[in-house]
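These are the residues of each chain, in order.
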Amino acid sequence: HRDLHSFPTRRSSDLEAGSGPGALMMEALRVPGTRWVLLISYSRATVVADLVRSITPPIVLFMIIFLVGQLAIFAVTMRGVVKPLVSVGGSLEALSGADADLTVSLPVATRDEIGQVAVAFNAFMGKLRDIMAEMRSVIERTNEVKHTVSSSTEETSAAIEQISANLADRKSVV
């Protein structure tokens, strides 16, 4: 037992008695204007159970809101990042199997980094188309020169044969 004067002078004080499953929690309340103290005791297990019951619903609600938020973030990420990446990947696969079809271009669906990749790729394909067109032009001009040289060579060869035949005829005359 405690002496009355050992209780604090403030209005209330918390105390604990015992340990283990039967432990008690006590609160000493001073009765104002008197020397009396009201001592209230509670079972620690009851207090803890009530506390757990009172904080469980807000924690569960917080967890549900947190999970819904995470799902929303996941959905936005899937829609904004993964879907355009899959689209660009599908277009690149179609391009790789298109037998070097340089008319294929990637759809520019977004204005983010993925859209910038598609724009840069399309610009690259445009330059590649220009290079291939220039190569075709050079090949055609080379073929024209080849035909011209070939014709000239044939004409020169025919002229040389004519000259040789004329020389052979003059040799036989002499």
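Residues numbered from 1 in each chain as written. Predicted model: local features only at pLDDT ≥ 70, side-chain atom pairs only at ≥ 80, totals over all residues. Heavy atoms only, no water.

## Considerations on the overall build of the chain
Helix and strand counts for the chain come out as two helices and three strands. Listing the helices and strands of the chain from first to last along the sequence gives β-β-β-α-α. In the chain, buried positions account for 11% of the 174 residues. In the chain, the proportion of contacts linking residues at least 24 apart, taken out of those at least 6 apart, comes to 23%. Total accessible area on the chain is roughly 14,000 Å²; 65% of this is exposed by carbon and sulfur atoms. (Helix = DSSP H or I, 4+ residues; strand = E, 2+ residues; numbered from the N terminus. Buried < 20%, exposed > 50% of the residue type's maximum accessible area, 1.4 Å probe, protein only. Contact = heavy atoms within 4.5 Å. Areas by Shrake-Rupley, 256 points an atom, 1.4 Å probe, with all protein chains shown as cover.)

## Some points on helix 1 (residues 44-96)
For helix 1, which comprises 53 residues, the first-to-last C-alpha distance of 72 Å matches the rise-based estimate of 78 Å (1.5 Å per residue) to within 8%. Residues Pro-84, Val-88, Ser-91 and Leu-95 constitute the buried set of helix 1. (Expected span 1.5 Å × (residues − 1).)

## Let's talk about the pattern of salt bridges
For the structure shown, the criterion picks out two salt bridges. The salt bridge partner of Arg-141 is Glu-134, with a shortest N-O separation of 3.9 Å. For Glu-134, a relative accessible area of 47% gives the class partly exposed. (Salt bridge = Lys/Arg side-chain N within 4 Å of Asp/Glu carboxyl O.)

## A word on the packing of aromatic side chains
If you walk through the whole model with that rule in mind, you get one aromatic pair. Each ring, one from Phe-62 and one from Phe-66, has its centre 6.2 Å from the other, and the planes form 25 degrees; the classification is stacked. Note that Phe-62 and Phe-66 are positioned in helix 1 at a spacing of four residues, about one turn of the helix. A relative accessible area of 53% places Phe-62 in the exposed class. Note on Phe-66: relative accessible area 41%, which makes it partly exposed. (Phe/Tyr/Trp six-rings, centres within 6.5 Å; stacked < 30°, edge-to-face > 60°.)

## So, the nonpolar core
If you look at the biggest cluster of nonpolar residues, it comprises nine residues: Val-88, Leu-95, Leu-102, Val-104, Leu-106, Ile-114, Ala-118, Phe-121 and Met-125. Ranked by the residues each element gives to this core, the list is headed by helix 2 (residues 113-173), at four residues. Once residues lying within four places of it in the same chain are set aside, the contact partners of Leu-95 are Asp-101, Val-104, Phe-121 and Met-125. (Core = buried A, V, L, I, M, F, W, Y, C linked by side-chain atoms within 4.5 Å.)

## A short note on empty space enclosed by the protein
Applying the stated criterion to the full structure yields two cavities of 30 Å³ or more. Size it by volume and the largest cavity reaches roughly 50 Å³. If you go around the largest cavity, the residues you meet are Pro-84, Ser-87, Val-88, Pro-107, Val-108, Ala-109, Thr-110, Ile-114, Gly-115 and Ala-118. Per-class residue counts for the lining of the largest cavity are seven nonpolar, three polar and no charged. (1 Å grid on protein atoms, 1.4 Å probe; cavity = no way out; pocket = protein on both sides within 12 Å on 5 of 7 lines; lining within 4 Å. Points joined across faces, edges and corners; volume = space filled by probe spheres on them. Nonpolar A, V, L, I, M, F, W, Y, C, P; charged D, E, K, R; others polar.)

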